[in-house]
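Here is how the chains run, residue by residue.
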Amino acid sequence: MRIAWRLLSTLGVLTSARAASACPNCSTARVVRGLVFADHPWSNLAVTAAPFVVFAAVVWALSRVGGTPRNPG
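Report follows, based on the coordinates. Quick caveat, the model's predicted, so the values are computed rather than measured. (Residues numbered from 1 in each chain as written. Predicted model: local features only at pLDDT ≥ 70, side-chain atom pairs only at ≥ 80, totals over all residues. Heavy atoms only, no water.)

With respect to the state of the cysteines
- What the rule picks out here adds up to 1 disulfide.
- Sulfur-sulfur distance for the disulfide between Cys23 and Cys26 comes to 2.0 Å.
- The exposure class assigned to Cys23 is partly exposed, which follows from its relative accessible area of 39%. (Disulfide = S-S within 2.5 Å. Buried < 20%, exposed > 50% of the residue type's maximum accessible area, 1.4 Å probe, protein only.)

Rendered as structure tokens:
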């Protein structure tokens, strides 16, 4: 019964979804492009990438902590 419910809910979501549309050259797109690339694109890139770097550092640190040493042999 759960499988049927999941299937029906998935079909409901898929049939109600609409295609995404974008306007690459409308006035809003030009304003956003100007804000992103105007004065400091590298700081915008750094702010975008920072959460991924922090997450990777936390995962790496947690993988190095605790547990018993692995014996490769």
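Re helix H3 (residues 41–64)
- Between its terminal C-alpha atoms H3 stretches 34 Å, which fits the 34 Å expected from 24 residues at 1.5 Å a residue.
- Along H3, the largest kink reaches about 40° and is centred on Ala49; proline Pro51 follows within four residues of it.
- Following H3 by one or two positions, Gly66 adopts a phi angle in the positive range, close to 65°. (Helix = DSSP H or I, 4+ residues; strand = E, 2+ residues; numbered from the N terminus. Expected span 1.5 Å × (residues − 1). Bend = angle between axes of the 7 residues up to and from the residue.)

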